[in-house]
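Letter by letter, the chains look like this.
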Amino acid sequence: ALAVMRSAFRSFLKDLVAATEYHDFVADVAFHRSEFGWLLGKYRQNSTARSKKVIDNSDVKAVREKLWLIEINTPVYMLATAGH
């Protein structure tokens, strides 16, 4: 289940880079953990997928659809608003 989450976050961040053209940023991303009980249950029950680290791309897509971008900041913006 962790590998699926990691893949979903990686895909989400690649899309942020493509959309913003920022290569150096801090992104606050959120998800509601109650949305992912099915994921834990599926990979707990399926020991073959867990042992072979098989990732179902439809699971990655389902997780991606539940991620929310809260805000994105570049180092320049963070320095400008830090009060220095």
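For the structure itself, look to the data block above.
These figures come from a predicted structure and were not determined experimentally.

A. Summary view of the overall build of the protein chain. Counting its secondary structure elements, the protein chain contains five helices and two strands. The helix and strand sequence of the protein chain, counted from the amino end, reads α-β-α-α-α-β-α. Evaluated residue by residue, the protein chain yields a buried proportion of 20% over its 84 residues. Nonlocal contacts in the protein chain, meaning residues at least 24 apart in sequence, comprise 76% of its contacts between residues at least 6 apart.

B. Examining the environment of Asp28 more closely. For Asp28, the location among the structural elements is in strand E1 (residues 26–30). Along the backbone, Asp28 and Asn73 are 45 residues apart, and their C-alpha atoms lie at a distance of 8.7 Å. Discounting residues that sit within four places of it in the chain, Asp28 has contacts with Trp68, Leu69, Ile70 and Glu71.

C. Quick look at the packing of aromatic side chains. Applying the stated criterion across every chain, the model contains two aromatic pairs. Each ring, one from Phe9 and one from Phe31, has its centre 6.0 Å from the other, and the planes form 65 degrees; the classification is edge-to-face. Of the two residues, Phe9 is situated in helix H1 (residues 2–20) and Phe31 in the loop between E1 and helix H2 (37–45); the sequence distance between them amounts to 22 residues. Using a relative accessible area of 23% as the deciding quantity, one classes Phe9 as partly exposed. A centroid spacing of 5.1 Å and a plane angle of 75 degrees characterise the contact between Phe31 and Phe36, whose relative ring orientation is edge-to-face. For Phe36, a relative accessible area of 6% puts it in the buried group.

What counts and how
Residues numbered from 1 in each chain as written. Predicted model: local features only at pLDDT ≥ 70, side-chain atom pairs only at ≥ 80, totals over all residues. Heavy atoms only, no water. Helix = DSSP H or I, 4+ residues; strand = E, 2+ residues; numbered from the N terminus. Buried < 20%, exposed > 50% of the residue type's maximum accessible area, 1.4 Å probe, protein only. Contact = heavy atoms within 4.5 Å. Phe/Tyr/Trp six-rings, centres within 6.5 Å; stacked < 30°, edge-to-face > 60°.

Keep in mind that these numbers describe shape and distance, not what the molecule does.
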